[in-house]
Amino acid sequence: MLKIAICDDMPDFLEQTKILAENWSKKPDNMTISLFSDGDALVESHTADPFDIIFLDVVMPLVNGIDTAAEIRTHDNNVKIIFLTFSKEFAYESYAVKANDYLLKPVDSAKFYASLDACY
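Cut-off values and rules
Residues numbered from 1 in each chain as written. Predicted model: local features only at pLDDT ≥ 70, side-chain atom pairs only at ≥ 80, totals over all residues. Heavy atoms only, no water. Helix = DSSP H or I, 4+ residues; strand = E, 2+ residues; numbered from the N terminus. Rg over C-alpha atoms; globule rule 2.2 N^0.38 Å. Buried < 20%, exposed > 50% of the residue type's maximum accessible area, 1.4 Å probe, protein only. Contact = heavy atoms within 4.5 Å. Areas by Shrake-Rupley, 256 points an atom, 1.4 Å probe, with all protein chains shown as cover. Pairing = 2+ DSSP bridges. Right-handed = clockwise from strand over helix to strand, strands pointing away. Salt bridge = Lys/Arg side-chain N within 4 Å of Asp/Glu carboxyl O.

Caption draft 1: Molecular detail of the overall build of the chain. Counting its regular elements, the chain contains 5 helices and 5 strands. Along the chain, from the amino end to the carboxyl end, the secondary structure elements read β-α-β-α-β-α-β-α-β-α. The C-alpha radius of gyration of the chain comes to 13 Å, within 12% of the 14 Å expected for a compact globule of 120 residues. Counting only C-alpha atoms, the chain reaches 35 × 30 × 25 Å along its principal axes. Sorting the 120 residues of the chain into buried and exposed places 44% on the buried side. In the chain, 61% of the contacts between residues at least 6 apart in sequence involve partners at least 24 apart. As displayed, the chain has an accessible area near 6,500 Å², and 51% of this comes from carbon and sulfur atoms.

Next comes the structure, spelled out in structure tokens:
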């Protein structure tokens with residue numbers, strides 16, 4: 001089973017990312033997608049039942065995506081983290097949390113699928 005989490009505070013982008021993942025040509029039959037609107041809920045869920053791949057927005061209220069990824073990395077160095085954001089300014093910081101990719105919104109579907117392929 002492939003477990004994917006998507007975390008974004010903007011409902012439109014949350015849904016768009018979910019649709020992209022559902023349309024992935026290499027998706028396994030037993031793939032699940034969980035949606036989160038904040039980093040704290042994602043960390044709590046991932047701690048209880050880890051995901052394989054996490055798509056994570058960087059700029060979110062309360063806890064940003066970089067801090068969320070850092071918290072996840074304290075318990076899990078194996079999960080694949082792909083940042084999706086409007087902001088180029090945090091790309092360097094994404095290396096500190098061992099991100100697998102850093103994609104800018106609006107997300108190019110070819111880059112999205114290439115990133116998923118590389119993680120799967």
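Text resumes after the structure shown.
Caption draft 2: Seen up close, the pairing of strand E1 (residues 2-7). The element E1 is largely enclosed, with a buried count of 6 among its 6 residues. Residues Leu2, Ile4 and Ile6 line one face of E1 and the alternating positions Lys3, Ala5 and Cys7 line the opposite face, and both faces are buried. Where E1 lies against strand E2 (residues 31-36), 6 bridges are found, and the strand directions are parallel. Across the sheet, the residue bridging to cysteine 7 is phenylalanine 36, located in E2. Of the crossover connections in this fold, the one passing from E1 over helix H1 (residues 11-22) to the parallel E2 is right-handed.

Caption draft 3: Broad picture of the environment of methionine 60. The topology assignment puts methionine 60 in the loop between strand E3 (53-57) and helix H3 (65-73). Using a relative accessible area of 9% as the deciding quantity, one classes methionine 60 as buried. Separated by 25 residues in sequence, methionine 60 and threonine 85 have C-alpha atoms that sit 9.8 Å apart. Leaving out residues up to four positions away in the same chain, methionine 60 has contacts with Cys7, Asp8, Asp9, Ser37, Gly39, Gly65 and Thr68.

Caption draft 4: Representation of the side chain of serine 87 in the model. Structurally, serine 87 is set in the loop between strand E4 (80-85) and helix H4 (91-96). Given a relative accessible area of 12%, serine 87 falls into the buried group. Once you skip the residues sitting within four places of it in the chain, serine 87 turns out to touch Val59, Tyr102 and Leu104.

Caption draft 5: Quick look at the pattern of salt bridges. Scanning all chains against the criterion turns up 5 salt bridges. Linking aspartate 49 and lysine 3 is a salt bridge whose minimum nitrogen-to-oxygen distance equals 2.8 Å. With aspartate 49 in the loop between helix H2 (39-48) and E3 and lysine 3 in strand E1, this pair connects stretches of sequence that are 46 residues apart. Here glutamate 22 ties to lysine 18 by a salt bridge, and the two come within 3.7 Å at their closest N and O atoms. Of this pair, glutamate 22 and lysine 18 both sit in helix H1, 4 residues apart, which is roughly one turn of that helix. Residue lysine 18 is classed as partly exposed on the basis of its relative accessible area, which comes to 23%. Among the charged side chains, a network of salt bridges with common partners joins Asp8, Asp57 and Lys105.

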